[in-house]
Amino acid sequence: MSLLIKNATLASGKNADVLIEGGSISKIGAVSSRADEKIDATGKIIIPGMINTHTHAAMTLFRGIAEDMELKGWLAAVRKAEILVTPPQIRAGSDLAALEMIKSGTTCFSDMYFHMDEVAASVQDSGMRAVLGYSMVDGGNARGTRESVNEKKMGSELSIAEQFVKDWHGKAGGRITCSIPPHSIYLCSSPLIAKAAELSKKYSCVLHMHLSETRKEVFDCLEKTGARPAYYLDSLGVLSQRLVAAHAVWLTKEEVKLLASKKVSASLNPVSNMKLAGGSAAPMPEMGQSGMNISLGTDGSASNNSLSMFETMKFCALLQKNSRWNATVASAESVFSAATVGGARALGINSGEIAEGKLADLVLLDKKAANLVPAHSILANLVYSSHAGNVTDVIIDGKIVMQERKVLTMDEEKVVQRAQKEAEGLSA
Ligand SMILES: [Zn+2]
């Protein structure tokens with residue numbers, strides 16, 4: 001299978017043809033060779049598909065159920081709804097998420113949740129690329145001074161997570177890879193976290209975890225362990241290139257240096273942090289100075305409430321600039337890079353760039369849309385003025401998944417109807 005994208009405009013402003021063969025980009029420039037399929041991209045911008053490194057896709061069904069609430073009440077409302085969720089609901093929510101992500105130019109996402117077989121089946125059918133893992137929770141004991149471990153619960157959580165890796169790692173023609181996600185230091189015991197790290201090493205897969213999302217999490221960790229979260233995780237042998245730390249907001253400069261030295265990737269979730277009134281911004285400039293790999297995530301739809309990476313890029317840049325009183329931090333270039341190649345690096349996927357040999361996960365946008373004209377800086381337009389509606393075509397793994405805004409892999413109307421119906425039983 002080959003696909004030729006003719007005359008697309010790169011973010012640099014230059015025009016190029018892109019030839020895709022066997023799911024990868026094989027040639028960029030003036031390409032005259034024939035291909036099985038062709039897209040005329042005249043008047044379109046081409047970018048690498050965006051990579052959402054932290055979400056809970058099925059939470060789309062909770063969109064709007066817990067609004068304008070304090071974190072405590074929000075958590076209680078979301079947990080109450082989550083307890084009742086069934087596998088068919090997870091499937092409906094995941095399909096809805098895949099539809100929203102494709103239509104907003106996201107080609108790959110990293111998900112941690114439960115009933116993950118449903119999420120994997122959704123990824124398989126929708127044509128997306130994803131890194132998936134079963135989110136483990138064994139109660140933890142972050143608030144107490146002495147830890148009591150529920151061995152039985154810990155064992156069963158680890159075995160569900162491992163079985164999911166065995167079942168799905170490398171499936172859907174390689175589009176699905178798996179992760180090991182212990183939820184967080186406040187919902188997981190220390191032996192669970194340490195064993196999760198061993199599993200991620202055993203399977204060479206991503207270790208996906210929430211880290212230092214709130215100030216309370218840091219205070220509780222200090223009280224329990226005498227150490228701040230990054231040092232606590234280091235003592236458990238968890239810090240490595242495989243770890244993707246979601247949120248990574250309440251970190252000291254020393255913690256940033258420690259994480260960077262261990263090659264940990266950050267997944268910044270600025271929209272979720274602001275909506276839940278976390279009160280701070282992740283130390284993105286310090287992360288950049290330390291050479292830490294930075295990626296972006298939306299988090300779930302109960303705390304965002306959108307899966308748009310365009311919004312996430314803009315919020316990220318604006319939050320950083322505003323909180324630092326410095327308009328030069330979080331440049332359009334650095335934020336776009338975090339949404340693409342930074343995500344690919346975090347997840348260990350050979351994509352995120354338009355370059356020969358890279359996976360063909362690509363997105364086309366309407367260059368003539370009113371909000372993208374003039375083109376003094378296409379990069380600035382992408383970060384500050386684009387929206388999902390500008391995306392015209394999406395290619396994942398060399399296959400056209402959306403053409404002229406019509407998603408080819410899913411029945412859009414059915415997905416929406418089913419999600420609406422499945423969500424009706426869920427309320428706060
Ligand atoms: Zn999350």
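Quantities reported herein were computed from a predicted structural model and do not represent experimental measurements.

A. Region of the structure containing the nonpolar core. Ranked by internal contacts, the top residues of the largest apolar core, which has 114 residues, are Leu132 and Met287. Tallying contributions element by element places helix α2 (residues 87-103) first for this core, with seven residues. Split by domain, this core shows at least three residues from each of two domains, domain 1 (2-48 + 354-413) and domain 2 (50-347). Those residues in contact with methionine 287 that sit more than four places away from it in its chain are Ala248, Leu251, Val256, Ala266, Leu268, Ala282, Met292 and Ile294.

B. Representation of the packing of α2 against helix α14 (residues 412-423) within the structure. Following both chains from N to C, one finds α2 and α14 inclined at 135°, their axes separated by 9 Å at the closest point. Here α14 runs oblique to α2, going by the angle between their axes. Where α2 crosses over α14, the handedness of that crossing is left-handed. Contacts between α2 and α14 involve Pro88, Gln89, Arg91, Ala92, Asp95, Leu96, Leu99 and Lys103 from the former and Glu412, Val415, Val416, Arg418, Ala419 and Glu422 from the latter. Considered class by class, the residues forming the contact of α2 with α14 number seven nonpolar, one polar and six charged.

C. Representation of the pattern of salt bridges in the model. Throughout the structure, instances matching the rule amount to 19 salt bridges. In this structure, lysine 275 and glutamate 67 form a salt bridge, with 2.7 Å as the shortest nitrogen-oxygen distance. You can see lysine 275 sitting in helix α9 (residues 270-275) and its partner glutamate 67 sitting in the loop between β6 (50-55) and α1 (71-83), a full 208 residues away along the chain. Assessed through its relative accessible area of 31%, lysine 275 is described here as partly exposed. We classify glutamate 67 as partly exposed; its relative accessible area is 27%.

D. Seen up close, the domain arrangement of the chain. Domain annotation for the chain reports domain 1 (2-48 + 354-413) and domain 2 (50-347). The distance between the C-alpha centroids of domain 1 and domain 2 comes to 28 Å. Contacts between domain 1 and domain 2 engage 27 residues on the former and 29 residues on the latter. Both sides of the domain 1 and domain 2 interface together cover about 2300 Å² of buried area, and 70% of this is carbon and sulfur. Together, Val383, Tyr384 and Met410 form the three largest contributors to the area buried by domain 1 at its contact with domain 2, with a combined 28%. At the surface where domain 1 touches domain 2, the tally comes to three salt bridges. The salt bridge involving arginine 129 is made with aspartate 397; its shortest N-O contact spans 3.1 Å. Counting every contact that joins domain 1 to domain 2 gives seven residue pairs in polar contact (both at pLDDT 80 or more). In the side of domain 1 that touches domain 2, the residues fall into 20 nonpolar, three polar and four charged.

E. The arrangement of the environment of valine 363 in detail. Residue placement: valine 363 occurs in strand β14 (residues 362-366). Distance in space between the C-alpha atoms of valine 363 and glutamate 157 is 37 Å, their sequence separation being 206 residues. Filtering out sequence-adjacent residues up to four positions away, valine 363 remains in contact with Ile45, Ile46, Ile47, Gly49, Gly105, Thr107, Val391, Asp393 and Val394.

F. Looking closely at helix α12 (residues 332-347). Taking 1.5 Å of rise per residue, 16 residues should cover 22 Å, and α12 covers 22 Å from first to last C-alpha, within 8% of that figure. Along α12, the sharpest kink reaches roughly 45°, centred on alanine 338. For α12, the tally of buried residues reaches 12 of 16 residues, placing the bulk of the element in the interior. Residues of α12 that are buried: Ala332, Val335, Phe336, Ala338, Ala339, Thr340, Val341, Gly342, Gly343, Ala344, Ala346 and Leu347. With its phi angle positive at about 65°, glycine 348 sits one or two positions after the end of α12.

Rules of the game
- Residues numbered from 1 in each chain as written.
- Predicted model: local features only at pLDDT ≥ 70, side-chain atom pairs only at ≥ 80, totals over all residues.
- Heavy atoms only, no water.
- Core = buried A, V, L, I, M, F, W, Y, C linked by side-chain atoms within 4.5 Å.
- Buried < 20%, exposed > 50% of the residue type's maximum accessible area, 1.4 Å probe, protein only.
- Helix = DSSP H or I, 4+ residues; strand = E, 2+ residues; numbered from the N terminus.
- Domains from an automatic or database assignment.
- Contact = heavy atoms within 4.5 Å.
- Axes fitted to C-alpha atoms, helices over the stretch in contact; angles between N-to-C directions.
- Parallel < 35°, antiparallel > 145°, perpendicular 65-115°, else oblique.
- Left-handed = near helix turned anticlockwise from the far one by under 90°.
- Nonpolar A, V, L, I, M, F, W, Y, C, P; charged D, E, K, R; others polar.
- Salt bridge = Lys/Arg side-chain N within 4 Å of Asp/Glu carboxyl O.
- Buried area = accessible area lost by both parts, 1.4 Å probe.
- Polar contact = N/O pair within 3.5 Å; in protein donor to acceptor, adjacent residues only side chain to side chain.
- Expected span 1.5 Å × (residues − 1).
- Bend = angle between axes of the 7 residues up to and from the residue.

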